[in-house]
Amino acid sequence: GAVVSQHPSRVICKSGTSVKIECRSLDFQATTMFWYRQFPKKSLMLMATSNEGSKATYEQGVEKDKFLINHASLTLSTLTVTSAHPEDSSFYICSAAKPGGNTEAFFGQGTRLTVV
Amino acid sequence: SQQGEEDPQALSIQEGENATMNCSYKTSINNLQWYRQNSGRGLVHLILIRSNEREKHSGRLRVTLDTSKKSSSLLITASRAADTASYFCATKISSGSARQLTFGSGTQLTVLP
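Residues numbered from 1 in each chain as written. Chains lettered and ligands numbered in written order. Predicted model: local features only at pLDDT ≥ 70, side-chain atom pairs only at ≥ 80, totals over all residues. Heavy atoms only, no water.

(A) Spatial organisation of unusual backbone geometry. Here the bond from H7(A) into P8(A) is cis, since omega is 0 degrees, no more than 30 degrees from zero. With respect to the element layout, P8(A) can be found in the loop between strand 1 (4–7) and strand 2 (10–13). Put simply, D7(B) and P8(B) share a cis peptide bond, and its omega is -5 degrees. Although it is not a glycine, K70(B) adopts a positive phi angle of roughly 50 degrees. Locating K70(B) in the fold gives a position in the loop between strand 7 (61–66) and strand 8 (71–76). (Helix = DSSP H or I, 4+ residues; strand = E, 2+ residues; numbered from the N terminus.)

Below, the structure written as structure tokens:
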């Protein structure tokens, strides 16, 4: 199956710093990628839809200036958590679907962010 | 908001037994998918069932879909300890061009050896 690679898998940062998470589709071009946040023992919450070559679409309640998304190429989307605070600590997961729409999504391995 | 609700939230069974998880959703869908997540990892796609399908099999997995009741079930037969994971249903809605999936609340399955 298709592969989506997410990096880093774990990161610890100090409050006030910024952290960048990368999501790459390794064997297909993804014009759209999705960023989710997951709290412990909870489901995935869609944060934003990353669109190649245009602005990301954010879900209600998600601060776009806090969670910067850049989708500069057809295989790479990045999520930058700016001025991180302990409450931003969470598990972040990206996904991408192959062009064509109604098929399965492929997920990255996730990033465990801990802000201290 | 989460479209899907799953039950049970947690399920513990003995190896060799069957595990059944249920998912309900609210809006019309194009397809419904089931995913598995091992603790602290990404999601792995298990099976996709389209809105015009009622049942689908893949190995030890059996999925049913009842669009009149807006519900789906995932059956894992002859469970193994390695099946221990969280299982999520996800729906792809019918309307508009939205391509994102909406996830259910998940079922934590524990298979005891």
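There is more to say after this.
(B) Main features of the pattern of salt bridges. Residue and element names in this part refer to chain A. Using the criterion set out here, one finds five salt bridges over all chains in the structure. Here R24 ties to E22 by a salt bridge, and the two come within 3.4 Å at their closest N and O atoms. Classification of R24 as partly exposed rests on a relative accessible area of 35%. Residue E22 is classed as partly exposed on the basis of its relative accessible area of 24%. Residue K66 pairs with D88 through a salt bridge whose shortest N-O separation is 2.6 Å. A residue pair is termed long-range when its members are at least 10 positions apart, and K66 in the loop between strand 6 (57–58) and strand 7 (67–73) and D88 in the loop between strand 8 (76–81) and strand 9 (90–97) qualify at 22 residues. Judged by its relative accessible area of 11%, K66 falls in the buried class. (Salt bridge = Lys/Arg side-chain N within 4 Å of Asp/Glu carboxyl O. Buried < 20%, exposed > 50% of the residue type's maximum accessible area, 1.4 Å probe, protein only.)

(C) Layout of the interface of chain A and chain B. Taken together, the contacts link 24 residues of chain A with 21 residues of chain B. Counting the surface lost from both chain A and chain B, the interface buries some 1700 Å², and carbon and sulfur atoms represent 51% of this. Seen at the junction of chain A and chain B, the total is six residue pairs in polar contact (both at pLDDT 80 or more). For the side of chain A that touches chain B, the secondary-structure elements that each account for two or more residues are strand 4 (32–38), strand 5 (44–51), strand 9 and strand 10 (105–107) of chain A. Looking at which element gives the most residues to the side of chain A that touches chain B, the answer is strand 4 of chain A, with four residues. Taken together, the residues of the side of chain A that touches chain B break down into eleven nonpolar, nine polar and four charged. (Contact = heavy atoms within 4.5 Å. Buried area = accessible area lost by both parts, 1.4 Å probe. Polar contact = N/O pair within 3.5 Å; in protein donor to acceptor, adjacent residues only side chain to side chain. Nonpolar A, V, L, I, M, F, W, Y, C, P; charged D, E, K, R; others polar.)

(D) Region of interest: the packing of aromatic side chains. Per the stated rule, a full pass over the model turns up seven aromatic pairs over all chains. Here F107(A) and F103(B) contribute two aromatic rings whose centre-to-centre distance is 5.8 Å and whose plane-to-plane angle is 75 degrees, an arrangement assigned as edge-to-face. One end of the pair, F107(A), is in strand 10; the other, F103(B), is in strand 10 (residues 102–103), on a second chain. As far as burial versus exposure is concerned, F107(A) and F103(B) are alike and both buried. On the basis of an interplanar angle of 55 degrees and a centroid distance of 5.8 Å, the ring pair of Y35(B) and F103(B) is categorised as tilted. Taken as a pair, Y35(B) in strand 4 (residues 29–37) and F103(B) in strand 10 lie far apart in primary sequence, 68 residues in all. The residues Y35(B) and F103(B) share a single accessibility class, namely buried. Grouping aromatic residues by their ring pairs yields a cluster made of Y36(A), F107(A), Y35(B) and F103(B). (Phe/Tyr/Trp six-rings, centres within 6.5 Å; stacked < 30°, edge-to-face > 60°.)

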